[in-house]
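Residue strings, one per chain:
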Amino acid sequence: MMSEIEQPRTYAERWIYAVKIKSWPKVLGAAALGSSLGATQVDSVASAEILGLLYAASFLFLDVIYIVLINDWADQRVDKIKRQLFPEGCSPKTIPDDILPARSVHVGGLLAAVGCVVVAWLAEATLERAGAVFGALLCLGMFAVYSLPPVRLNYRGGGEFAEALGVGLVLPLFIAYLGFGVAPNRDSVMLASGHGLLALASALASGLSDEVSDRLGGKRTCATIFGSAATRRSIEILLVLGGFACCATPYFTELPSWIGTPAGLFVLYAARGVRRASPFAVTNAFRALGTYKARLHECIWGGTALLTTSLWAYSLWVR
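Residues numbered from 1 in each chain as written. Predicted model: local features only at pLDDT ≥ 70, side-chain atom pairs only at ≥ 80, totals over all residues. Heavy atoms only, no water.

*Asks:* Kindly report on the overall build of the chain, identifying the contributing residues and their values.
*Replies:* The helix and strand inventory of the chain stands at 14 helices and zero strands. The order of helices and strands in the chain, counted from the N terminus, is α-α-α-α-α-α-α-α-α-α-α-α-α-α. Taking 2.2 N^0.38 as the reference for a compact globule, 319 residues should give roughly 20 Å; the C-alpha atoms of the chain span a radius of gyration of 20 Å, in line with that estimate. Principal-axis analysis of the C-alpha atoms places the extent of the chain at approximately 55 × 45 × 35 Å. In the chain, which comprises 319 residues, the proportion classed as buried is 52%. The long-range fraction of contacts in the chain, counting pairs at least 24 apart against all pairs at least 6 apart in sequence, stands at 76%. In the structure as shown, the chain presents an accessible area of about 14400 Å², 66% of it carried by carbon and sulfur atoms. (Helix = DSSP H or I, 4+ residues; strand = E, 2+ residues; numbered from the N terminus. Rg over C-alpha atoms; globule rule 2.2 N^0.38 Å. Buried < 20%, exposed > 50% of the residue type's maximum accessible area, 1.4 Å probe, protein only. Contact = heavy atoms within 4.5 Å. Areas by Shrake-Rupley, 256 points an atom, 1.4 Å probe, with all protein chains shown as cover.)

Right under this line is the structure:
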């Protein structure tokens, strides 16, 4: 259990801890990319409805809360195993460490999901975003099949692919539609494909620190099935593929070929830091694993930010 100093004291602090704001950049980066994909395909960014962007931001805020809370509720047994195995080696867990009761976490996640659907319904009703509710349910469902019964891919195998599809492609494309009314098309899918590969690398890395507890808890992740070394090699291959995809995919769209070059080159360069940290990031070496994942996040989030910036620059000043 956490010490008194580590324990959040007020009810508000407990909820702030539970929603794990430090984990949000993974989803925020995907959404920012989605907004830039939408901006490149409207006649004028200035004509985009502010209300649509507000709906997109509201959906994103609720969606990330839903993901974080329901994931903690679904994984409470495995989280408890990890806390028992490594009481000093991992961060406090929301439910096992009594930061919030399981019921509160569950209800909070469900309310956030309902909020997502309500926001999509409002967008569909006021901005004529046909199919927005279906899109919201698809985003919610992508996470549900990852973590919740009866599918629960995170326990059956393939959860990382569900996460990569949801965060890497479905969420950005839905944000582009909700914010700008741009339906998924060949150009947006191609431009998001490099991000999808990077999202898969991030998803694989999520299981590295939990390899032992996940195996004991019955999870079938890349790390529990193939081990830490094979997982890290796969991550590093995906970074290279993602970097090349960022560079190459604009050639297959109507956008200028230079759009993806800064992002692709950055990912390929930053991947060297990930590889250098890899030999030390062995099973249960939590400090080294933290360094490895920090280098990985710098690589992925930096690449996503540069791709997003290039798309917005084209939308605002080049076109």
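Don't stop here, the text continues.
*Asks:* Please set out the packing of helix α3 (residues 50-74) against helix α8 (residues 159-180) residue by residue, giving values where relevant.
*Replies:* Following both chains from N to C, one finds α3 and α8 inclined at 145°, their axes separated by 6 Å at the closest point. In this structure, α3 uses Gly-52, Leu-53, Tyr-55, Ala-56, Phe-59, Leu-60 and Asp-63 to contact α8, whose residues at the interface are Leu-171, Phe-174, Ile-175, Leu-178, Gly-179 and Phe-180. Its residues assigned to classes, the contact of α3 with α8 comprises ten nonpolar, two polar and one charged. (Axes fitted to C-alpha atoms, helices over the stretch in contact; angles between N-to-C directions. Nonpolar A, V, L, I, M, F, W, Y, C, P; charged D, E, K, R; others polar.)

*Asks:* Tell me about the packing of aromatic side chains, and please be specific about residues and values.
*Replies:* The relation between two aromatic rings is expressed through the spacing of the ring centres and the mutual angle of the planes. Taken as a whole and assessed by the stated rule, the structure comprises seven aromatic pairs. Judged by centre distance (5.5 Å) and plane angle (75°), the rings of Tyr-66 and Phe-143 are edge-to-face. Placement of the pair is Tyr-66 in helix α3 and Phe-143 in helix α6 (residues 132-147), with a sequence separation of 77 residues. For the pair formed by Tyr-66 and Phe-143, the shared burial category is buried. Ring centres of Phe-143 and Tyr-146 lie 5.8 Å apart, and the angle between their planes is 35°; on these two criteria the pair is classed as tilted. In this pair, Phe-143 and Tyr-146 both sit in helix α6, three residues apart, roughly one turn of the helix. (Phe/Tyr/Trp six-rings, centres within 6.5 Å; stacked < 30°, edge-to-face > 60°.)

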